[in-house]
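Architecture at a glance
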Amino acid sequence: YKKLSYTQIAEKYDVSVGYVIHLFDETFPYIPRKKLPKILCIDEFHFSKIYDQKYCCVLTDFETGEVIDIIKNRQKAYLEEYFTNISLEEREQVTYFVSDMYDEYGIIQRKFFPNSIHVIDMFHIICQLTNAINIVRTRTMNKMVVKNSLQYNFMKKNWRYFLCRKERIPNKTYTYKATKQTFTFEELVYMCTRSNPDLLNAHNVLQDIYKYAYYKSEDEIARYMTWISDRLLSSDDEEIRKVGRTYLKWMYGITNAFTKKSKQKRLTNGIAESINNHIKTTIKYSYGFENFERFRKRALLIFSKNKVKKEW
């Protein structure tokens, strides 16, 4: 069950690919799932072009980094069938359910994990706004009359600095060749965002969200995120307003994301995202899989042997 394709294994031992697959299926007819953990992370990854297994789900234990199981499809019908077959007693042991803002995950959490607290992954909260800022930045840049202006050139080549924390903007200078003027990167970010009030508003909101570590009580976070959402909803740009509506819709899960829970740690889907990267690498090395059950067995064997370290 090493990270080799069946073809590579067959070549290494000078046997046919069919024999390797037959031997694998015979040796591992079934791999059972692990028991549901107290902190359950759920995330999806792209598996194949086949409709009923296009996006598979991986269940992960936040505390140990172990893969609990891999579900064939993230659609509601598949998730309901899967969790229906798990006893209520075991599901009630789950205290935190960590996911992104996919609608079906919210339904599954409320229906099958009545004792759990839903936590929205912080990465996806930030991504909602950074994606919108990127769209507005591009739109602002393309509306500029002078295509080689100072703001246009900077916004096109240094887009990442509009999405990061203010303190992470490098202490470097940028020289505009046409006039030989020199500006700091921080000055140019501020100058460019001021060219569009909606972009400036969204950028300021993003910087405020990055300060989430300063907010600890749930009531304070709820009030703070309501204030954030109201600022986004006041924008004239639909992309920005859409983020505001999303934040209001998932307010409960977002509030829990900003709160320190188990062992004074903020709960995120970072471990599930890390495992997804390893799974994608396994699929890549194997040149894809046609049989989901065979892939599931291989993946569970690999991750039971090598736990993913919490590098995030």
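This write-up is about the structure you can find in this document. Because the structure is predicted, anything quoted here is derived from the model rather than measured.

1. Section: the overall build of the protein chain
Helix and strand content of the protein chain: 14 helices and seven strands. Counting over 312 residues, the protein chain shows a buried share of 50%. Once local pairs closer than 6 in sequence are excluded, the contacts in the protein chain between residues at least 24 apart make up 62%. As displayed, the protein chain offers around 16700 Å² of accessible surface, 50% of which is attributable to carbon and sulfur atoms.

2. Considerations on the side chain of histidine 203
The residue histidine 203 is located in helix 9 (residues 197-209) in this model. In this structure histidine 203 touches Ile133, Phe162, Val189 and Thr193, once residues within four positions along its chain are discounted.

3. Some points on the sheet that holds strand 2 (residues 55-61)
Taking strand neighbours across the sheet as the criterion, the five strands line up as 3-2-1-4-5 in an open arrangement whose pairing is mixed. Looking at the sheet topology across the chains shown, the edges are occupied by strand 3 (67-71) and strand 5 (117-120). The sheet shows a mean angle of 20° between the axes of neighbouring strands, taken without regard to direction. Where strand 4 (residues 96-99) lies against strand 5, four bridges are found, and the strand directions are parallel. When the bridges of strand 5 are listed, serine 99 appears paired with isoleucine 120.

4. Some words on the packing of helix 7 (residues 150-157) against helix 8 (residues 185-193)
Two elements in contact, helix 7 and helix 8, have axes whose closest approach is 10 Å; the angle formed by their N-to-C orientations is 105°. The angle between helix 7 and helix 8 falls in the class roughly perpendicular. Counted together, Leu150, Gln151, Phe154 and Met155 of helix 7 and Phe185, Leu188, Val189, Met191 and Cys192 of helix 8 form the full contact between these two elements. Its residues assigned to classes, the contact of helix 7 with helix 8 comprises eight nonpolar, one polar and no charged.

5. Quick word on the nonpolar core
If you look at the biggest cluster of nonpolar residues, it comprises 73 residues, and the most contacted ones within it are Ile70, Leu129, Tyr247 and Phe295. Each residue touching phenylalanine 295, except ones within four places of it in the same chain, is listed here: Phe45, Phe47, Ile70, Ile279, Ile283 and Phe289. The next biggest cluster of nonpolar side chains, apart from the first, holds 17 residues, and it includes Leu36, Ile42, Cys57 and Leu79.

6. Quick notes on helix 3 (residues 76-84)
Of all the residues in helix 3, the buried ones are Leu79, Glu80, Tyr82 and Phe83. Considered in projection along helix 3, the buried side chains sweep an arc of 165° and stay on one side of the axis. Facing away from the buried side of helix 3 by over 90 degrees, the exposed positions are Ala77, Glu81 and Thr84.

What counts, and at which threshold
Residues numbered from 1 in each chain as written. Predicted model: local features only at pLDDT ≥ 70, side-chain atom pairs only at ≥ 80, totals over all residues. Heavy atoms only, no water. Helix = DSSP H or I, 4+ residues; strand = E, 2+ residues; numbered from the N terminus. Buried < 20%, exposed > 50% of the residue type's maximum accessible area, 1.4 Å probe, protein only. Contact = heavy atoms within 4.5 Å. Areas by Shrake-Rupley, 256 points an atom, 1.4 Å probe, with all protein chains shown as cover. Pairing = 2+ DSSP bridges. Axes fitted to C-alpha atoms, helices over the stretch in contact; angles between N-to-C directions. Parallel < 35°, antiparallel > 145°, perpendicular 65-115°, else oblique. Nonpolar A, V, L, I, M, F, W, Y, C, P; charged D, E, K, R; others polar. Core = buried A, V, L, I, M, F, W, Y, C linked by side-chain atoms within 4.5 Å. Arc of directions from axis to C-beta.

Read these as layout, nothing more, since geometry by itself doesn't imply function.
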